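# Summary of structural features
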Amino acid sequence: MSRVQPVIMCGGSGTRVWPESRESLPKQFIPLIGDRSTFQAIVELVGDRAIFDPPIVITNFAYRFRVAEQLTEIGAEATVLLEPERRDSAAAVGAGAAWAAMRDPKTIVAVLAADHVVKDGKRFAELCAQAAVAAAAGEIVTFGVTPDHPATGYGYIHPGEPLAVDPQVRRVERFVEKPSEERAREFIESGYLWNSGNFVFRADVMLEELARFEPEVAAAASQAVALAGKDLSFIVLDREFFARAPKISIDYAVMERTHRAAVLAFDVGWSDVGQWSTVWRLSPRDADGNSLRGRAVAIDSSNVLVRSDEHLAAVIGLDNIIVVATGDAVLVAHQSKADKVKQLVEQLKLERHPEATQHRRMYRPWGYYQSIDQGARYQVKRIVVRPGGRLSLQKHYHRAEHWIVVRGAAEVTLDGNDHLVHENESIYLPIGSNHRLANPGKIDLELIEVQTGSYLGEDDIVRFEDVYNRV
């Protein structure tokens, strides 16, 4: 049996675990549980080269540099396919299958979500290899999880007859959408499994089924791959063709309609980190059931989740409460209402709160910047440039900038002249000046930027040169 080709789906926005997860930095890139992100954990899970080929990562164009940085942090390599637009999971799965099929149409593909948690990595690899045997015979094998409680946030699978190729793999009788708690209890008693949303198939089989049920999706994904271009180390799917794909999930497009769907029990300590109540359940807790992370204190409380990395968050006399504090937002919710966070974020968007989608810390290919303070005609930011990082050669029409170096040394180009600015030194950049910032050193460059002017928006940037192809 040839090795399995992992395809990691990494483009979601993760609004259910706001305020830590936002569109500008969604949950798959955040260490919600443990020290590494769920994306990094999944990449490490498929690291056994006896079973898996190096992964394909499918992500949104806006997340490309974050994906690259997180891969570098764990010393992993991957082929990164960029979606020029969000088109839901059917188009992404189609693109992954089409890319794998270019090497060999019979490539065995494992589609895996970047925001799931698996505790037993060895068993996970064994089950992927087992599913690959049935997939090689033409089945689309989804992983079903034995329920340990009547969850209402997962879909369910009714397993049917065993397959001849492997009796442990069973035909899917039907998929059921998220049920009420009462129905969920009935499903558990009847032997239903949770639908994990991870599955294994042969590339040509998935493309055939997509073409049968959603020919527009199949054609758009295949053409987007065939005409894909390269941007730095990334593969960019063709925008014109990819945009033609209807927005539909792979479940609706194929899994709930195909006669090739099969299910294999996936008892590996799996969880979909879909909301804060799940984070609480998966996190270490004290004798009172409290999960505290960062600057968090709880007195006379039980079963609370309190997370705060910046401000001190203290709770007294609370039960089954979630408190999540970031530098610019605080969420307080009852555990039983954790599934309402997505609805809250939609309301915040309608009311035009920038905190609904944007973090104070904004990541860029060269590092990041973080807002510290702002007023009518000024803004203060902390800027961190990684070793070797270079910002674009640019100018602003409406603001001047003052850069004060607090760590490292800055190489500053100002109107054609180069300046080396050391720690505790500063430089002034007048309105309309052409300038660039770079870090020539071996440690992070940190500086404080003070902007002054009539308009301080990020769109007041004219780029002339950029090593990251953003001009």
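Our subject is the structure listed above.
The shown structure was predicted, so the numbers you read here are calculated from the model rather than taken from an experiment.

## Some words on the overall build of the protein chain
Counting its secondary structure elements, the protein chain contains 11 helices and 28 strands. At 24 Å, the protein chain has a C-alpha radius of gyration in line with the 23 Å of a compact globule built from 471 residues. Here the C-alpha coordinates of the protein chain stretch approximately 75 × 60 × 40 Å along the principal axes. Within the span of the protein chain, comprising 471 residues, buried residues form 54% of the whole. If you take every contact in the protein chain between residues at least 6 apart in sequence, the share linking residues at least 24 apart comes to 68%. Total accessible area on the protein chain stands at roughly 21,100 Å², and carbon and sulfur atoms take up 49% of it. Positive and negative side-chain charges of the protein chain, numbering 54 and 64 respectively, have mean locations separated by a distance of 2 Å.

## So, the sheet that holds strand β15 (residues 305–316)
Taken in spatial order, the 4 strands line up as β14-β15-β16-β17 in an open sheet, and their pairing is mixed. Strand pairing shows two members of the sheet lacking a second neighbour, β14 (291–299) and β17 (330–334), which therefore form its edges. Taken pair by pair, the neighbouring strands of this sheet meet at an average axis angle of 15°, ignoring direction. As judged from the 8 bridges shared by β14 and β15, these two strands associate in the parallel manner. Across the sheet, the residue bridging to Ser291 is Leu305, located in β15.

## Considering the environment of Leu82
Looking at the secondary structure, you find Leu82 in strand β3 (residues 79–83). In this structure, the C-alpha to C-alpha distance between Leu82 and Phe234, residues 152 residues apart in sequence, is 7.0 Å.

## Side note on the packing of helix α3 (residues 88–103) against helix α7 (residues 215–226)
Put simply, α3 and α7 touch, their axes get as near as 8 Å, and they point 50° apart. Taken together, α3 and α7 sit at an angle that is classed as oblique. Note that α3 runs across α7; the crossing there is right-handed. Residues Ala90, Ala91, Gly94, Ala95, Ala98, Trp99 and Met102 of α3 lie in contact with α7, whose contacting residues are Val217, Ala221, Ser222 and Val225. Taken together, the residues that form the contact of α3 with α7 break down as 9 nonpolar, 2 polar and no charged.

Reading guide: rules and limits
- Residues numbered from 1 in each chain as written.
- Predicted model: local features only at pLDDT ≥ 70, side-chain atom pairs only at ≥ 80, totals over all residues.
- Heavy atoms only, no water.
- Helix = DSSP H or I, 4+ residues; strand = E, 2+ residues; numbered from the N terminus.
- Rg over C-alpha atoms; globule rule 2.2 N^0.38 Å.
- Buried < 20%, exposed > 50% of the residue type's maximum accessible area, 1.4 Å probe, protein only.
- Contact = heavy atoms within 4.5 Å.
- Areas by Shrake-Rupley, 256 points an atom, 1.4 Å probe, with all protein chains shown as cover.
- Lys, Arg positive; Asp, Glu negative; His and termini not counted.
- Charge placed at Lys NZ, Arg CZ, Asp CG, Glu CD.
- Pairing = 2+ DSSP bridges.
- Axes fitted to C-alpha atoms, helices over the stretch in contact; angles between N-to-C directions.
- Parallel < 35°, antiparallel > 145°, perpendicular 65-115°, else oblique.
- Left-handed = near helix turned anticlockwise from the far one by under 90°.
- Nonpolar A, V, L, I, M, F, W, Y, C, P; charged D, E, K, R; others polar.

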